[in-house]
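# Report on the structure
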Amino acid sequence: METAEAKNFKKVDIIFECQDCKPIEVLDTNLQRKPDDIILDIIDSGLKGRGGAGFPTGLKWKFTKNESAEPKYVICNADEGEPGTFKDREILDRVPEKVFVGMALCGYSIGAKEGIIYLRGEYNFLLKDLNKKLEKFNKQLKERNLDFAITIKSGSGAYICGEESALFESMEGKRGEPRNKPPYPTSEGYNAKPTVINNVETLVYTTMICNLGSDKFKELGTKDSRGSKVFSVSGDTPIAGIYELELGMSLGTFVEEFGDGDTKSVQVGGASGHCVPRKYFEDTIIGFEGIPTGGSMMIFNSTRSMYNVLHDYLEFFTEESCGQCTPCRVGCQQLLEGIEAVKKGERRPSYLEDLKKLASNMNLAAKCGLGQSVANPFNSIVDNFKEEIIY
Amino acid sequence: MSNTDALIKNLVEKHGNSRNSLMPILQGVVREERSLTEDAMLKVAEALDISAAEVYGTASFYTFLDTIPRGKNVIRICKTITCHMKGKDEIIEALEKELNINVGETTSDKQFTLLTANCLGWCHKGPVMLINDEIYPDLTVEKALEIIQEYAHNTK
Ligand SMILES: Cc1cc2nc3c(=O)[nH]c(=O)nc-3n(C[C@H](O)[C@H](O)[C@H](O)COP(=O)(O)O)c2cc1C
Ligand code: SF4
């Protein structure tokens, strides 16, 4: 089988770069353009959402613009709860104006007057500074006669509220329980009105595409994964931290750069992502054509027990499941108790096959992405590290 | 009027009395009082003209909207995998010993509650803990103890 050629390792400096780009000037330049031209630019850039699901950003904006209901909303998803992800906090801390400008340009493009940042409660320490900067920014918008203003709403410690429809419920003062889809947010989001919801990083890229032009962005990455992405690198690495890298490199290249020489596996995409063992590093492309990631890259070396890793993830899902639908609420508990029973010898190793089927059924039957994605870590860890789960 | 009543009144004035204001109001009460009493939830329900069950339903969903009494300082130690690998167990043990309580409990002088939390978003700087809204990354046992002692000293 022919596989796409992997890209080389390349550090990029678009997100955090702040020397040449004055965010407010990007806004000024682009307010001279027609809303449709901005949306076409974002579509042309090939930018896909950086929050995990990877929906084309330009299309999301276009669908929302095409809706007739009013008012419309722009929401910045800063709930960042996926284990191993910490880039959105860093972006909001270091270059918040780039996020604000992305929201304002989106508002201008789709015809929204209100922007809201949903900030996870764990990041409340950012509030004071962000509110101060927002006050200034909102004033700048007023001076430009742009009818748009941004406020912040806080979360209160619930991973599921990062899921877009649960996030709307939370903003509406309710339990963070995901809604049925359709309708999608572009037609019925916050307050059941047309809503663009984008990840923090996605919004910064929209600002930068408006600044650099879509061609410049397209020069980076591959056909399916345009541009670059901010990675949160943690675990067994001597250089844990945040790195912006061109998309499309192989996991092997990544590990060469970040591993400690003894890397056994990498969990790509956080607890809800996939575990890739060493033997597949070279063949795995980091990007939408291979393994997509919201940016979380957790590296494990040979001293780590993959049973402990899986156990931690399952505990996480069991606690964070909203409990609304049975496949997920009961399924997470059963998977956790199941691997504990196999470990203790109370169940035969073949029980793992039953558990894998359960995880796959959850993928089909669960209502939202949380329950649906538990099979990713479960099946990839059990398949590749069966001995560690059993003995 | 009790302190809680006045607090709720202020919060409702600031955020409005629509259903969409429920979270900021509950968050405001927790910020001042660390947890929500039955009485506080009843008052909020009354102010927003919704049933108390709706208020409790929302409050009980969120980890940070505690409905059982908490200490003046709520410590949350991240227990997710990377902090686990970097030694959160030792930190927890040391704090349990220092405060003479187990995870989930509050000291008898109501100064500290010790809890664990899922990923706090500092995996590159674990282990890490949150005390109220403040974050403390790159912990060692010594550092964690020092921080706790400082809080104990400042809130005496
Ligand atoms: C369980 C779950 C948690 C999620 N958490 C987040 C999150 O913390 N931040 C985020 O941007 N998207 C999160 N998402 C994805 C959002 O639902 C949504 O797709 C995203 O905010 C869209 O923005 P984007 O297109 O810019 O990526 C989560 C999805 C699920 C199913
Ligand atoms: S899959 Fe899990 S988190 Fe999602 S709606 Fe069902 S119970 Fe809730």
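The structure displayed is predicted, hence computed values, not measured ones. (Residues numbered from 1 in each chain as written. Chains lettered and ligands numbered in written order. Predicted model: local features only at pLDDT ≥ 70, side-chain atom pairs only at ≥ 80, totals over all residues. Heavy atoms only, no water.)

### Points about the sheet that holds strand β8 (residues 274-277) of chain A
Residue and element names in this part refer to chain A. If you trace the 5 strands from one edge of the open sheet to the other, you get β6-β5-β9-β7-β8, paired in mixed fashion. Every interior strand has two partners, whereas the edge strands, β6 (241-246) and β8, have only one. Recorded for the sheet is a direction-independent mean angle of 30° between the axes of neighbouring strands. (Pairing = 2+ DSSP bridges. Helix = DSSP H or I, 4+ residues; strand = E, 2+ residues; numbered from the N terminus. Axes fitted to C-alpha atoms, helices over the stretch in contact; angles between N-to-C directions.)

### What to know about the nonpolar core
By size, the foremost hydrophobic cluster in this structure holds 73 residues, and its most contacted members are A:Tyr313, A:Phe317, A:Ile339 and A:Phe378. Looking at which element gives the most residues to this core, the answer is helix α11 (residues 306-320) of chain A, with 8 residues. Not counting chain neighbours up to four residues away, the residues in contact with A:Phe317 comprise A:Tyr159, A:Ala271, A:Ser272, A:Cys332, A:Leu370, A:Val374 and A:Pro377. In this structure, A:Ala104, A:Leu119, A:Val204 and B:Cys119 belong to the second largest nonpolar core, which totals 57 residues. (Core = buried A, V, L, I, M, F, W, Y, C linked by side-chain atoms within 4.5 Å. Buried < 20%, exposed > 50% of the residue type's maximum accessible area, 1.4 Å probe, protein only. Contact = heavy atoms within 4.5 Å.)

### Considering the interface of chain B and chain A
Counting residues at the interface gives 30 residues for chain B and 50 residues for chain A. For the pair chain B and chain A, the two sides together bury roughly 3,100 Å², of which 54% comes from carbon and sulfur. On the surface where chain B and chain A come into contact, there are 2 salt bridges. As a salt-bridge pair, A:Glu319 and B:Lys79 come within 2.6 Å of each other at their nearest N and O atoms. Here chain B and chain A share 25 residue pairs in polar contact (both at pLDDT 80 or more) between them. Of the residues in the side of chain B that touches chain A, the class split is 14 nonpolar, 12 polar and 4 charged. (Buried area = accessible area lost by both parts, 1.4 Å probe. Salt bridge = Lys/Arg side-chain N within 4 Å of Asp/Glu carboxyl O. Polar contact = N/O pair within 3.5 Å; in protein donor to acceptor, adjacent residues only side chain to side chain. Nonpolar A, V, L, I, M, F, W, Y, C, P; charged D, E, K, R; others polar.)

### Describing the site of ligand 1
Residues and elements named next belong to chain A. Around ligand 1, a shell composed of 20 residues is seen, among which Gly51, Lys60, Asn198, Asn199 and Thr202 lie nearest. Gly81 has a polar backbone atom sitting 3.5 Å from an oxygen atom of ligand 1. Between ligand 1 and Asn199 there is a distance of 2.7 Å, counted from an oxygen atom to a side-chain nitrogen or oxygen. Here ligand 1 is seated within the largest pocket. Contributions of two or more residues to the shell around ligand 1 are made by β4 (195-199) and α14 (369-373). If one sorts the elements of the shell around ligand 1 by residue count, β4 sits on top with 3 residues. (Near = heavy atom within 4 Å. 1 Å grid on protein atoms, 1.4 Å probe; cavity = no way out; pocket = protein on both sides within 12 Å on 5 of 7 lines; lining within 4 Å. Sits in = over half its atoms within 2 Å of the grid points.)

### Some thoughts on α11(A)
All names here are of chain A. The end-to-end C-alpha distance of α11 is 21 Å, a good match for the 21 Å that 15 residues give at a rise of 1.5 Å each. Within α11, 11 of the 15 residues are buried, which leaves the element mostly enclosed by the surrounding structure. Every buried residue of α11 is listed here: Met306, Tyr307, Val309, Leu310, His311, Asp312, Tyr313, Leu314, Phe316, Phe317 and Glu320. Two to three positions downstream of the cap, the backbone nitrogen of Tyr307 sits 3.2 Å from a side-chain oxygen, assigning the N-cap of α11 to Ser305. (Expected span 1.5 Å × (residues − 1).)

### Describing the sheet that holds strand β3 (residues 149-154) of chain A
Sheet strands pair via backbone hydrogen bonds, and the direction of the pair is either parallel or antiparallel. Residue and element names in this part refer to chain A. Read from one edge of the open sheet, 4 strands run β3-β2-β1-β4, paired in parallel fashion. Two strands lie at the open edges of the sheet, namely β3 and β4, each paired on one side alone. Strand-to-strand twist across the sheet, computed as the mean angle between neighbouring axes with direction ignored, equals 20°. Summarising the sheet, strand β1 (residues 73-78) and strand β2 (residues 114-119) pair through 6 bridges and their orientation is parallel. Of the residues in β2, the one forming a bridge with Ile75 is Ile116. Running over the sheet, helix α5 (residues 96-110) touches β1, β2, β3 and β4 and is turned about 150° from β1.

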